[in-house]
Every structure is written in C-alpha cells, then in structure tokens.
Amino acid sequence: MPLCLIVDEMHPSLLPRLAEIGVSADYQPNLTAAEIPAALAARPYEGLMVRSKLRVTAGLLAQGPHLRYVARAGAGVDNIDEAALAAAGVALLNAPEGNRDAVGEFAVGLLLTLFRHIARADHEVRHHQWRREANRGEEIGGKTIGLLGYGHMGRAFARRLGAFGCTVLAHDSDPNVEADGNAELVGLAELQARADVLSLHIPYSPANHHFVSEAVLAGFARPFWLLNTARGEVLDHAALVGALQAGRVRGAALDVLENEKLAALTTAQQAHFEFLKQAPNVVLTPHVGGWTHQSYARINEVLVEKIRAFRAGDKDRTAGS
C-alpha cells in the first residue's frame, strides 16, 4: 500500500479516509521541521501532507525520491516552492474548497464588526461605558464592496454579500476568471473609483508581495474600509498605517499580519503593530478566517478526493502508455 507522511495535526477523519482509497498514512504530527528531512528519507513515501510548519523546498524534495505529490491541508501554498515541485515532477494538491465557506462567513463578520463597531462597543460596555451615539454605525446595504481576487475565497464572500443589497465588484489579474452572477468583474482602476470597501483575496507570491501598496491605497476615489483575510504580506503595512493616519482608510479588519510571530517582529513591524493594536478603527484576529470545526473536517474530504483522483489519473496514464 502506498505511503503518505503526514507532519502536521489533522482532523481524526483523515486516516480512515486515506485507508478507504488505499493509502497508508504515517501520521507523525510531532516531528519538528528539522526532523522531517530524515523522516522523509527513511521510507519510500509517495506523498507528503503538510499544513504550515514546513517549507517544502528543492532540498527537502531531494530527501524523498519516491514522492509523487505534496498535499497542503488548506488553501495557501506560499510555504511550498512550486517551481521546485515542477522540476522534480511532484504534483501539488491543496484544498481551498474545504475552507472557502468559513472564510466567506468570517469576512462578513469582519465587515459587520467594522461597520457596527461591535468589538469596540463590547469592550466599552465591559468597562461600564454606555456610548450609543459614538457607536452609531454604517449599513452594508447600498455600499459598493470591491474584492481583489476572485477565486474560491472571493467568490464565497460575494455569495454571502448578495443578501445585503450592496454592489459587489471584483478584480482578478487572471484573464481566465469568469463572472458568476455574484460580482461584476472590473479593472483595478474602476474598482478604486467605485468601491467603499476593499477586501483582499489574493494568494501570496513574490509577485504579490506588497501588491496593495501606498500607490494602490492612494488610488481610491474616496476614503474606504479595508479587510484582509488573505495573507499579510500582500499588504504593505507601513502604507496601511499611513493611510489610516491620513484618513484615506476609514478602518481595517486584519485576520493576517505581515509577521504573525508576534514575539519576533522587526523594529518596523513592531511599530506598525503598536499603531494597529491601539487604533479604535482596527480589528485584529489571529488568522482564523478559515479555522472552523466544519472546515477542519471538510479539508480532509477535499484533499483525500484530490489524492484519489490524482492516483487514479496516474494509473490511467500508466495503463495507456
């Protein structure tokens, strides 16, 4: 039976699901990143399954000469060197379908929290402050919501926004992305001209590093709110702080940061974080947009099905060759 090395904590449904498709799981979530290369070299693993503890590089792949696929239990693949996988002939499988609904719901929650001052008002009441007028909020209805990126996560958010009576615009640099009735596809300049809210849904890649820059933020026609449930590195935090200070960004809700290891911030990152954490119009959460009990199990369903389909396709190619 083909082997798959699993090096991160997974929902307990994973192992029986893999067994159902004829894959033997070697579940070792307690391995450290430093221990994984030797573990990978010790047995003829066909697959490697990861979350985020490990960077998958050409050097690591060299330790697993029998690898045919790397499975990422989640959506983002920024910890995986895709060029190295392609060079080694190793397939990359991920599961954005597994947590897209969780992210879509969470983005709605962040927007409501910003518009209705929910986090701030909760804090005030707990401190015996009853400030109704100061917490008068905005309604989503009538607003124009701009989505940067229209893949699984952006589409999930757009579907949920449909009930609010707002206009949804989406911009995606991929020319193959198609409209689906939940959002109008537009160019970036048009999104900047019309949007009251910018919500980020693009993956991290070197090309997308600080894609949302000072120039992009300054290009909006009027002050707007900003949501980020994607990756922290796609947003220039220095530019965001400047835009918040200048009033060009009316408020921000960030589920992700430029460096999520808060004990290891650089001097500049620490300065950005100190401003954001004390700003009354900023909401911060610890990268939990896709982190639900349901998505934890659903990611397994999606990933195991992709492994099954990959192995079946490989067998079909072998049989036909």
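Only a predicted model underlies this, so the values are computations on that prediction, with no experimental measurement involved.

Criteria and cut-off values
Residues numbered from 1 in each chain as written. Predicted model: local features only at pLDDT ≥ 70, side-chain atom pairs only at ≥ 80, totals over all residues. Heavy atoms only, no water. Pairing = 2+ DSSP bridges. Helix = DSSP H or I, 4+ residues; strand = E, 2+ residues; numbered from the N terminus. Axes fitted to C-alpha atoms, helices over the stretch in contact; angles between N-to-C directions. Buried < 20%, exposed > 50% of the residue type's maximum accessible area, 1.4 Å probe, protein only. Contact = heavy atoms within 4.5 Å. Right-handed = clockwise from strand over helix to strand, strands pointing away. Salt bridge = Lys/Arg side-chain N within 4 Å of Asp/Glu carboxyl O.

Colleague: Now, about the sheet that holds strand E5 (residues 91-94): what can you tell me, with residues and values included?
Modeller: Pairing in this open sheet of 5 strands is parallel, and the strands run E2-E1-E3-E4-E5 from one edge to the other. Since the sheet does not close on itself, it has two edges, and those belong to strand E2 (24-27) and E5, each with one partner. Looking at each pair of strands side by side, their axes are set apart by 20 degrees on average, direction ignored. In this structure, strand E1 (residues 3-6) lies alongside strand E3 (residues 45-50), joined through 4 bridges in parallel fashion. In the sheet register, Leu3 faces E3, and the bridge partner there is Tyr45.

Colleague: I'd like a rundown of helix H7 (residues 152-161), residues and numbers included.
Modeller: In terms of burial, H7 is largely enclosed, as 7 of its 10 residues are buried. The complete set of buried residues in H7 reads Met153, Gly154, Arg155, Ala156, Phe157, Ala158 and Leu161. Turning to H7, the residues buried within the fold contact helix H5 (96-116), strand E6 (144-148), strand E7 (167-171), strand E9 (197-200) and strand E10 (224-228).

Colleague: So what's going on with the pairing of strand E11 (residues 249-254)? Residues and values would help.
Modeller: The buried fraction of E11 amounts to 5 of the 6 residues, a majority that puts the element mostly inside the structure. In the sheet, E10 pairs with E11 via 5 bridges, with the strands oriented parallel. In the strand pairing of E11, Trp225 is matched with Gly251. Tracing the backbone out of E10, into helix H10 (residues 237-246) and back to the parallel element E11 gives a crossover that is right-handed. With 3 bridges connecting them, E11 and strand E12 (residues 282-284) associate as parallel partners. Looking at E12, one finds that Ala253 is bridged to Val283. In terms of handedness, the path from E11 via helix H11 (residues 267-278) over to E12 forms a crossover that is right-handed.

Colleague: Outline the pattern of salt bridges, listing residues and values.
Modeller: Going through the model one piece at a time under the given rule, you end up with 20 salt bridges. With its nearest N and O atoms 2.3 Å apart, the salt bridge here joins Arg68 to Glu46. Of this pair, Arg68 sits in the loop between helix H3 (58-62) and strand E4 (69-72) while Glu46 is found in strand E3, placing the two residues 22 residues apart along the sequence. Taking the relative accessible area as the measure of exposure, Arg68 reaches 22% and is therefore partly exposed. The shortest N-O distance in the salt bridge between Glu133 and Arg136 comes to 2.7 Å. For Glu133, a relative accessible area of 54% puts it in the exposed group. When its relative accessible area of 60% is taken as the criterion, Arg136 is described as exposed.

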